[in-house]
Amino acid sequence: MAPRILLDATAVPADRGGLGRYVDGLMAALDALGADLAVACQRADQERYGRLAPGARIVAGPPGLAHRATRLAWEQSGLPYVAEQVAADVLHVPTYAMPVGVTLPTVVTIHDVTLFAEPEPHDPDRTSYIKSATRTAARRATRLIVPSRATRDELVRLLAADPGHIDVAGHGVDHTMFHRPTDAEVAGISDRLGLHGRPYIAYLGTLEPRKNIPNLVRGWVRACAALDEPPALVLAGGGGWDDEVDAALAAVPPRLRVLRPGYLARPSLPGFYGGALVVALPSRGEGFGLPVLEAMACGAAVLTTRRGALPEVGGDAVAYSEPDSSGIAAALGDLLGDEPRRARLGEAAWERAGGFSWTASAHAHLASYRKAAERRSVSLQARPKDLA
């Protein structure tokens, strides 16, 4: 008999972001596979999740879960109660924090361990708590799910996690949402950005130190130095906390154009990615690299680095550079001067992205849930003997 899963979606932020796309894609795929699923969520997401997973039981938490402190407190006390209410066999927490008092088998997704590998590029206000919660999950969770082999290996190396308790389940991509764009989709986002058909380099993500935006800006400036018609650089996404970004932008020559449109609506992303000369995502390290995969699914020529799990996603279908500004400048300059290569990369990227699906990811998650549930079954069977 398949276990009943309680998926804790209360940590998904209003802007969705990578965590939201993970939860959305996984939830819909689990429901389509007929999983016995219950979902705990914020009240604002109740209707949305009901549409995504019509076969699941959706349980909205109390008001105020959008506030981090309230949510963290409720996860420790209220979430175990919901698990009892829905008679769950396994609890899945899709981010690092788990209820420490829960007796239910718990599966925790650890998306990356970059805080431990490179502690300096992170927001110090959140670092201490996240590291502590991650260590607790690595030690106490029944199973850990990671999105890549690279993250699994880092968990073992940095936190001494038991490799026998770690399951790799790569992310998928919504091929309906992320697709080769039509000419109208490309023109629509170009006009909204004020580019009106002029070329650009695209970046999408949080402007945080790990994403390496200052070196991208400096590399783009150097790559464009000798170009008569240099492409604009579009830095889309959340504000983040990287103080170096403003300093790098202040040094951009007046002849070059930088756009910072903030968040872009999901329907505009195929045109944004697919309409760019190059999508540049030169991160210092990723647990998976979902934006790279989504750009690939849109047929974009992608430039990234070989750090973390990025080569597992990009394979031979993307271009790579070192994360320093000189490496980015050289690789970006080569791509800007080679239209046939950009076209080949875009085709290869689109084909490779076709091999990633949320259905495959959901199957891997279900296997992990079953392992967790089996451990509880063994424990319950052994209990009378232990008491004798």
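Computed from a prediction, not measured in an experiment: that's the story for all the values here. (Residues numbered from 1 in each chain as written. Predicted model: local features only at pLDDT ≥ 70, side-chain atom pairs only at ≥ 80, totals over all residues. Heavy atoms only, no water.)

(A) Main features of the overall build of the protein. When you go through the protein residue by residue, the secondary structure sums to 15 helices and 13 strands. Relative to the compact-globule value of 21 Å for 388 residues, the protein shows a C-alpha radius of gyration of 22 Å, a close match. Oriented by its inertia axes, the alpha-carbon framework of the protein measures out at about 85 × 40 × 40 Å. Each of the 388 residues in the protein was classed as buried or not, and the buried ones make up 54%. A sequence separation of at least 24 residues applies to 69% of the contacts in the protein between residues at least 6 apart. Only carbon and sulfur atoms are counted for the fraction: they give 51% of the accessible area of the protein, which is about 17,000 Å². Taking the average place of the 42 positive charges on the side chains of the protein and the average place of its 43 negative ones, the gap between the two points comes to 4 Å. (Helix = DSSP H or I, 4+ residues; strand = E, 2+ residues; numbered from the N terminus. Rg over C-alpha atoms; globule rule 2.2 N^0.38 Å. Buried < 20%, exposed > 50% of the residue type's maximum accessible area, 1.4 Å probe, protein only. Contact = heavy atoms within 4.5 Å. Areas by Shrake-Rupley, 256 points an atom, 1.4 Å probe, with all protein chains shown as cover. Lys, Arg positive; Asp, Glu negative; His and termini not counted. Charge placed at Lys NZ, Arg CZ, Asp CG, Glu CD.)

(B) Spatial organisation of the nonpolar core. One finds Trp220, Phe272, Tyr273, Val279 and Met296 to be the most contacted residues of the largest nonpolar core, which totals 65 residues. Leaving out residues up to four positions away in the same chain, Phe272 has contacts with Ile189, Leu193, Tyr200, Ala202, Tyr203, Leu204, Val234, Ala236 and Leu264. Of all hydrophobic cores here, the second largest spans 35 residues; its members include Trp74, Met98, Ile130 and Ala137. (Core = buried A, V, L, I, M, F, W, Y, C linked by side-chain atoms within 4.5 Å.)

(C) Highlighting the pattern of salt bridges. One pass over the structure, following the stated rule, counts 18 salt bridges. A salt bridge links Lys211 to Glu286, with the nearest nitrogen and oxygen atoms 2.7 Å apart. Of the two residues, Lys211 is situated in the loop between β8 (200–204) and α8 (213–223) and Glu286 in the loop between β11 (278–281) and α11 (290–297); the sequence distance between them amounts to 75 residues. For Lys211, a relative accessible area of 14% gives the class buried. (Salt bridge = Lys/Arg side-chain N within 4 Å of Asp/Glu carboxyl O.)

(D) Molecular detail of the sheet that holds β8. Overall, parallel pairing links the six strands, which are arranged β10-β9-β8-β11-β12-β13 in an open sheet. Each of the sheet's edge strands pairs with one partner strand only, and the pair in question is β10 (258–262) and β13 (319–320). (Pairing = 2+ DSSP bridges.)

(E) A look at α8. Where burial is concerned, most of α8 is hidden: nine out of the eleven residues are buried. Among all positions of α8, only Ile213, Pro214, Asn215, Leu216, Val217, Gly219, Trp220, Val221 and Ala223 are buried. Among the structural elements, β8, β9 (232–236), α9 (243–250), β10, β11 and α13 (325–336) are those in contact with the buried residues of α8.

(F) Region of the structure containing the environment of Thr182. Tracing the backbone through its elements, the reader meets Thr182 in the loop between β7 (166–168) and α7 (183–192). Exposure remark for Thr182: the relative accessible area of 43% places this residue in the partly exposed category. Once the C-alpha coordinates of Thr182 and Pro270 are considered, the two residues, 88 residues apart in sequence, prove to be 8.6 Å apart.

(G) Quick look at the packing of aromatic side chains. For the coordinates displayed, the defined rule picks out five aromatic pairs. Relative to Tyr129, the ring of Tyr96 lies with its centre 6.2 Å away and its plane at 70°, an arrangement referred to as edge-to-face. Placement of Tyr96 in the loop between β4 (90–93) and β5 (106–109) and of Tyr129 in helix α5 (residues 124–140) is noted, with a sequence separation of 33 residues between them. Using a relative accessible area of 14% as the deciding quantity, one classes Tyr96 as buried. Given a relative accessible area of 31%, Tyr129 falls into the partly exposed group. Their ring planes at 75° and their centres at 6.3 Å tell us that Phe288 and Phe356 sit as a pair that is edge-to-face. Here Phe288, found in the loop between β11 and α11, pairs with Phe356, found in the loop between α14 (339–353) and α15 (358–387); they are 68 residues apart in sequence, far enough to count as distant. Comparing Phe288 with Phe356, the two get one shared label, buried. A network of ring pairs unites the aromatic residues Tyr200, Phe272 and Tyr273 as a single cluster. In this structure, Arg180 is placed above the aromatic ring of Trp350, and the distance from its NZ or CZ to the ring centre is 3.8 Å. For Arg306, the ring lying beneath its charged end belongs to Tyr320, and the centroid distance is 4.0 Å. (Phe/Tyr/Trp six-rings, centres within 6.5 Å; stacked < 30°, edge-to-face > 60°. Lys NZ or Arg CZ within 6 Å of the ring centre and 35° of its normal.)

(H) Quick look at the side chain of Asn215. Looking at the element boundaries, Asn215 is found in helix α8. A distance of 3.1 Å separates a polar atom in the side chain of Asn215 from a polar atom in the side chain of Asn212. A polar side-chain atom of Asn215 sits 3.1 Å from a polar atom in the side chain of Arg218. Apart from the residues lying within four places of it in its own chain, the contact partners of Asn215 are Pro323, Asp324, Ser325 and Ile328. (Polar contact = N/O pair within 3.5 Å; in protein donor to acceptor, adjacent residues only side chain to side chain.)

(I) Structural context of the side chain of Thr10. Mapped onto the elements of the fold, Thr10 is located in the loop between β1 (4–8) and α1 (17–32). When its relative accessible area of 0% is taken as the criterion, Thr10 is described as buried. Beyond its immediate sequence surroundings of up to four residues, Thr10 is in contact with Ala40, Cys41, Gln42, Leu65, Arg71, Trp74 and Glu75.

(J) The arrangement of the packing of α11 against α14 in detail. Two numbers describe how α11 lies on α14: the axes approach to 7 Å, and their chain directions differ by 110°. The orientation of α11 relative to α14 falls into the category roughly perpendicular. The handedness of the crossing between α11 and α14 comes out as left-handed. Along its contact with α11, which presents Leu293, Met296 and Ala297, the element α14 presents Ala349, Trp350, Arg352 and Ala353. Taken together, the residues that form the contact of α11 with α14 break down as six nonpolar, no polar and one charged. (Axes fitted to C-alpha atoms, helices over the stretch in contact; angles between N-to-C directions. Parallel < 35°, antiparallel > 145°, perpendicular 65-115°, else oblique. Left-handed = near helix turned anticlockwise from the far one by under 90°. Nonpolar A, V, L, I, M, F, W, Y, C, P; charged D, E, K, R; others polar.)

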